[in-house]
Amino acid sequence: MDGNGRWAEQRGLPRTAGHEAGEKALFEVLDGADDLGVRWFTVYAFSTENWRRPPDEVQFLLRFNEQILLSRQEELHQRNIRIQFIGRRDRRVPRRLIRRMEEAAALTQSNTGLTLTIAFNYGGRTELVDAVQRILDSGTKRVTERSITRHLYAPEMPDPDLVIRTSGEYRVSNFLLWEMAYSELVFSETLWPDFRREHLHAAIKEFQDRDRRFGGLGGSEGPQR
Ligand code: IPE
Ligand code: MG
């Protein structure tokens, strides 16, 4: 969800106003995905690198995420949405926020609709380090693709078909590195606070026009069936 700061700066507002405006985008795009029948929807809310921002902005983002969880969890629960989190629960994440995350996950854990995965204090490299460490801790000598996949933060989450990066940045920025191996990437010039259902639809249309071969030749005679 990139481009909040620039959206605010363009309007002569503080960067935090851009984060606030991003909330509307998030829930509209989530609605749009849910209406299309999307089963897994993941957002990058705060990265392991975002701690490098000025302390005021970091504080704001921690509080803001906590507030959103509080104000929206009931509504999401009513809509049968399951909330889960990926990322490292290290000491920098305030205990209160961790409690909110646990509450939201517990409240919605039996829901059978869309799974909303919130990447918070998430880094793709950190996720891989944590996975490999846990494999080592288990005493296994052999590391396989399967064992790494099973030790990711959300092992049951399928690899994303489509990853959308907003705000005209052409980077992966440490998001879902392992899971993204064969994802289709769509880059949008739209700043996150302006992102709406129609932008999601445009990205999905672009995705539908791609030819996915997964390293094979495509078609039914390809090696990947
Ligand atoms: C994304 O918007 C929000 C977070 C990383 C939390 P930015 O804050 O990165 O916005 P720009 O890139 O400065 O415009
Ligand atoms: Mg940014």
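My aim in this report is to walk through the structure given alongside it, one point at a time. As the structure is a computational prediction, the values presented were derived from the model and not from experiment.

Moving on: the nonpolar core. Within the largest apolar cluster, 35 residues are counted, with the highest numbers of intra-cluster contacts made by Leu30, Phe41, Leu116, Ile118 and Phe120. Contributions of two or more residues to this core are made by helix H2 (15-36), strand E1 (40-47), helix H3 (55-78), strand E2 (82-86), helix H4 (95-108), strand E3 (115-122) and helix H7 (197-208). Ranked by residues supplied to this core, first place goes to H3 with eight residues. Sequence-distant contacts of Phe120, that is, excluding residues within four places in its chain, are made with Ala45, Phe46, Leu62, Asn65, Ile86, Gly87, Arg88, Val93, Leu97 and Met101.

We now examine the layout of surface pockets. Each pocket or cavity is described by its volume, and for the second largest pocket that value is around 190 Å³. Lining the second largest pocket are Glu145, Thr149, Asp159, Pro160, Asp161, Trp178, Glu179, Ala181, Tyr182, Ser183, Arg212 and Phe214. Class assignment of the residues belonging to the lining of the second largest pocket gives a composition of five nonpolar, two polar and five charged.

Located in the positive-phi region is Asn80, a residue other than glycine, with phi close to 70°. Here Asn80 is to be found in the loop between H3 and E2. A residue is classified by how much of its surface remains accessible, and Asn80, at 27% relative accessible area, is partly exposed. For Asn121, which is not glycine, the phi dihedral falls at a positive 50°. Looking at the secondary structure, you find Asn121 in strand E3. You can call Asn121 buried: its relative accessible area is 1%.

Now for the environment of His151. Position of His151 among the secondary structure elements: in the loop between helix H6 (145-150) and strand E4 (162-165). Here His151 is in contact with Ala131, Arg134 and Ile135, once residues within four sequence places are set aside. There is a polar contact of 2.7 Å between the side chain of His151 and the backbone oxygen of Ser147.

Analysis parameters
Residues numbered from 1 in each chain as written. Chains lettered and ligands numbered in written order. Predicted model: local features only at pLDDT ≥ 70, side-chain atom pairs only at ≥ 80, totals over all residues. Heavy atoms only, no water. Core = buried A, V, L, I, M, F, W, Y, C linked by side-chain atoms within 4.5 Å. Buried < 20%, exposed > 50% of the residue type's maximum accessible area, 1.4 Å probe, protein only. Helix = DSSP H or I, 4+ residues; strand = E, 2+ residues; numbered from the N terminus. Contact = heavy atoms within 4.5 Å. 1 Å grid on protein atoms, 1.4 Å probe; cavity = no way out; pocket = protein on both sides within 12 Å on 5 of 7 lines; lining within 4 Å. Points joined across faces, edges and corners; volume = space filled by probe spheres on them. Nonpolar A, V, L, I, M, F, W, Y, C, P; charged D, E, K, R; others polar. Polar contact = N/O pair within 3.5 Å; in protein donor to acceptor, adjacent residues only side chain to side chain.

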